[in-house]
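Residue strings, one per chain:
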Amino acid sequence: MEVSENGDLANWMIPGKLVKGMGGAMDLVAGVGRVIVVMDHTNKHGESKVLKDCTLPLTGKGVVDRIITNLGVLDVTQNGLQIVECADGVTREDIIAATEATVV
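Residues numbered from 1 in each chain as written. Predicted model: local features only at pLDDT ≥ 70, side-chain atom pairs only at ≥ 80, totals over all residues. Heavy atoms only, no water.

1. Side note on the overall build of the chain
When helices and strands are tallied, the chain shows two helices and seven strands. When its helices and strands are written in sequence order, the chain yields β-β-α-β-β-β-β-β-α. Taken over 104 residues, the chain has a buried fraction of 37%. Of the contacts made within the chain by residues no fewer than 6 positions apart, 58% connect residues no fewer than 24 positions apart. Accessible surface, the chain: about 6200 Å² in total, of which carbon and sulfur atoms supply 52%. (Helix = DSSP H or I, 4+ residues; strand = E, 2+ residues; numbered from the N terminus. Buried < 20%, exposed > 50% of the residue type's maximum accessible area, 1.4 Å probe, protein only. Contact = heavy atoms within 4.5 Å. Areas by Shrake-Rupley, 256 points an atom, 1.4 Å probe, with all protein chains shown as cover.)

See the structure below:
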């Protein structure tokens, strides 16, 4: 799963991973009032999954309102991502360092 700084969502199975079936979940983001994504902030290699632009095919364009990760809570704004809350023991700087997207 990837989320971009402008609220794009990519939720797809990557070949070779232990996930049954193709992802996508377009039906979960079409015509809803608010989309909240809950995910790990980084992949198993420590690379950000909160990106400037998604690299996987999009599930929805500009649909995400809030991102909740193991590091904290971020809201999608017109200027980038805004930190709402940090997880226990996590600083604002930790979140910024683990985030490829623009944090305002």
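2. Notes on the sheet that holds strand β5 (residues 66-68)
Strand order in this open sheet of four strands is β3-β5-β6-β7, and the pairing throughout is mixed. Looking at which strands have only one partner, the edges of the open sheet turn out to be β3 (36-38) and β7 (80-86). Across the sheet, the mean angle from the axis of one strand to that of its neighbour is 20°, orientation sign disregarded. (Pairing = 2+ DSSP bridges. Axes fitted to C-alpha atoms, helices over the stretch in contact; angles between N-to-C directions.)

3. Brief notes about the pattern of salt bridges
Applying the stated criterion across every chain yields a total of three salt bridges. Linking E5 and K52 is a salt bridge whose minimum nitrogen-to-oxygen distance equals 3.7 Å. Placement of E5 in the loop between β1 (2-4) and β2 (9-10) and of K52 in the loop between β4 (50-51) and β5 is noted, with a sequence separation of 47 residues between them. On the accessibility criterion, K52 (39% relative accessible area) is partly exposed. The partner of D75 in a salt bridge is R66, with the nearest N and O atoms 2.6 Å apart. (Salt bridge = Lys/Arg side-chain N within 4 Å of Asp/Glu carboxyl O.)

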